[in-house]
Amino acid sequence: MASARAYWKGHLKLSLVTCPVALFPASSTSEKTHFHQINRKTGHRLRQQMVDEVTGDVVEGDDKGRGYELDSGKYVEIEPEELEAVELESTRTIDIDKFVPESEIDKRYYDKPYYIVPDDKSGEEAFAVIRDAMKNKGRVALARIVFANREHILAMEAWGKGILGTTLRYDYEVRDDKAAFKDIPSPRVPKDMIELAGHILDSKAGHFDPSEFKDKYEEALRKLVKKKASGKAIEPVDRQSEPSNIVNLMDALRRSVGSSAKPKKRAPKAAKKTKGAVKKRRASGSKRAA
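Just so it is clear, the model here is predicted, and its values are computed rather than measured.

**Section: the overall build of the protein**
- Helix and strand content of the protein: seven helices and nine strands.
- By the burial criterion, 17% of the 290 residues in the protein qualify as buried.
- As presented, the protein carries roughly 25200 Å² of accessible surface, and 52% of it is formed by carbon and sulfur atoms.

**So, the side chain of Thr167**
- Topologically, Thr167 is positioned in strand β9 (residues 162–168).
- Here Thr167 is in contact with Tyr109, Tyr110, Asp111, Lys112, Tyr114, Phe147, His152, Ile153 and Leu154, once residues within four sequence places are set aside.

**Re the sheet that holds strand β6 (residues 110–118)**
- Ordered by their spatial adjacency, seven strands build a closed barrel running β1-β2-β6-β9-β8-β7-β5, and the pairing between neighbours is mixed. In this sheet, neighbouring strand axes are inclined to one another by 40 degrees on average, regardless of whether the strands run parallel or antiparallel.
- The pairing of β6 with β9 spans five bridges and is classified as antiparallel. Directly across from Tyr115, in β9, lies its bridge partner Leu164.
- Where helix α2 (residues 124–137) meets the sheet, its contacts fall on β1 (8–14), β2 (17–25), β5 (93–101), β6, β7 (139–147), β8 (150–159) and β9, and the angle it forms with β2 comes to roughly 80 degrees.

**Brief notes about the layout of surface pockets**
- The calculated volume of the largest pocket comes to roughly 380 Å³.
- Residue lining of the largest pocket: 13 residues in total, with Val51, Asp52, Val59, Asp63 and Gly65 positioned closest to the centre.
- Of all the secondary structure elements, the ones that give two or more residues to the lining of the largest pocket are β3 (66–71) and β4 (74–78).
- By residue class, the composition of the lining of the largest pocket is five nonpolar, two polar and six charged.

**Here we look at the pattern of salt bridges**
- Applying the stated criterion to the full structure yields seven salt bridges.
- In this structure, Asp119 engages Lys9 in a salt bridge whose closest nitrogen and oxygen atoms are separated by 3.9 Å. Within this pair, whereas Asp119 is found in the loop between β6 and α2, its partner Lys9 is found in strand β1, the two being separated by 110 residues in sequence.
- Taking relative accessible area as the criterion, Asp119 reaches 34% and is therefore assigned partly exposed.
- For the salt bridge of Asp106 with Arg108, the shortest nitrogen-to-oxygen distance reads 2.7 Å.
- According to the relative accessible area criterion, Asp106 is partly exposed, its value standing at 30%.

**Points about the nonpolar core**
- Judged by nonpolar contacts, the single largest core of 20 residues is most densely connected at Leu12, Val21, Ile94, Ile116 and Met156.
- Counting only elements with at least two residues in this core, the list comes to β1, β2, β5, β6, α2, β7 and β8.
- Setting aside its immediate chain neighbours within four residues, Leu12 contacts Val17, Thr18, Cys19, Val21, Ile94, Ile96, Ile130, Met156 and Ile163.
- Membership of the second largest hydrophobic core comes to six residues, among which are Ile105, Val140, Leu142 and Leu168.

**Considering a negative patch on the surface**
- There is a patch of like negative charges on the surface, built from Asp52, Glu53, Asp57, Glu69 and Asp71.
- The partly exposed category is assigned to Asp71, whose relative accessible area is 48%.

**A look at the environment of Glu125**
- Examined against the element boundaries, Glu125 turns out to sit in helix α2.
- For the pair Glu125 and Cys19, spaced 106 residues apart in sequence, the C-alpha separation works out to 8.5 Å.

**A closer look at the pairing of β4**
- Pairing of β3 with β4 involves five bridges; the strand directions are antiparallel. Residue pairing in the sheet places Tyr68 in a bridge with Val76 of β4.

**Looking at the packing of aromatic side chains**
- Per the counting criterion, the structure on display carries five aromatic pairs.
- On the basis of an interplanar angle of 10 degrees and a centroid distance of 6.0 Å, the ring pair of Tyr170 and Tyr172 is categorised as stacked.
- Residue Tyr170 is classed as partly exposed on the basis of its relative accessible area of 27%.
- Through a chain of ring-to-ring contacts, the aromatic side chains of Tyr7, Tyr114 and Phe147 assemble into a single cluster.

**Quick notes on a nonpolar patch on the surface**
- The grouping of Phe35, Leu224, Val225 and Ile234 at the surface amounts to a nonpolar patch, some 350 Å² of accessible area in total.
- Within the secondary structure layout, Phe35 lies in the loop between β2 and β3.
- When its relative accessible area of 58% is taken as the criterion, Phe35 is described as exposed.

**Thoughts on helix α5 (residues 216–229)**
- Between its first and last C-alpha atoms α5 spans 20 Å; for 14 residues at 1.5 Å apiece the expected length is 20 Å, and the two agree.
- One or two residues past the end of α5 sits Gly231, with phi positive at roughly 90 degrees.

Definitions and cut-offs
- Residues numbered from 1 in each chain as written.
- Predicted model: local features only at pLDDT ≥ 70, side-chain atom pairs only at ≥ 80, totals over all residues.
- Heavy atoms only, no water.
- Helix = DSSP H or I, 4+ residues; strand = E, 2+ residues; numbered from the N terminus.
- Buried < 20%, exposed > 50% of the residue type's maximum accessible area, 1.4 Å probe, protein only.
- Areas by Shrake-Rupley, 256 points an atom, 1.4 Å probe, with all protein chains shown as cover.
- Contact = heavy atoms within 4.5 Å.
- Pairing = 2+ DSSP bridges.
- Axes fitted to C-alpha atoms, helices over the stretch in contact; angles between N-to-C directions.
- 1 Å grid on protein atoms, 1.4 Å probe; cavity = no way out; pocket = protein on both sides within 12 Å on 5 of 7 lines; lining within 4 Å.
- Points joined across faces, edges and corners; volume = space filled by probe spheres on them.
- Nonpolar A, V, L, I, M, F, W, Y, C, P; charged D, E, K, R; others polar.
- Salt bridge = Lys/Arg side-chain N within 4 Å of Asp/Glu carboxyl O.
- Core = buried A, V, L, I, M, F, W, Y, C linked by side-chain atoms within 4.5 Å.
- Patch = residues over 30% accessible without salt bridge, like charges linked within 9 Å, V, L, I, M, F, W, Y side chains within 5 Å.
- Lys, Arg positive; Asp, Glu negative; His and termini not counted.
- Charge placed at Lys NZ, Arg CZ, Asp CG, Glu CD.
- Phe/Tyr/Trp six-rings, centres within 6.5 Å; stacked < 30°, edge-to-face > 60°.
- Expected span 1.5 Å × (residues − 1).

Following this line, the structure appears as structure tokens:
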């Protein structure tokens, strides 16, 4: 983390308690395989150019502007200095508004995560006070932060020795679920079907471990690139047809329960004890006979 470049620097403020902090992105896509567009004839990389959609002429940087589309093909041009009139002043301060239970934050609102760390030794104690207070109360801080010329809502929670800050989407950015779910029917599901499905869930119960999930597509991409770079041909793959819909849901659930059931193991220790008991009984019987 020390070698990484901070995305944002400023101050974290709780009432009269203030400390300098730095934000670092908590996620990255830089490790994924990326492709560039190239010219098939020359093998050279292609560069994009802005072209006037009517004249077809290439537009140079000085002639590029911003416009908002009022009607189809009609734009109102907005000058850079006019945009500056609505840009928020970056106060470089994360001002906490309130503390809320984590369970009250709708998961659809979570956007991008950031690690928040103290940026100066003088503020380490104040940072620890704010972090530990949130941890002890089990609360998430809601604050506002300005970067990239926009104000963002920031949800902060204690995270190990630091703080995890996640930007939240605004209410107008989250779509209502009613429109997506309105056509889903509400059939009367038999109780025994739900119980069978519950058995399947129990057989697959576990705990979240992100290391268990591998990006198979990314792995396949790297193998493909390595194979192609070595001069080997890439053979087309025959795709399996999609399985047909199973008509009898109850039979499917029963078969699923049967396939997920683990075979019971015999207890070898119990068998040994039984053999030992038989030997004892035989020995005692011999003594009585004598």
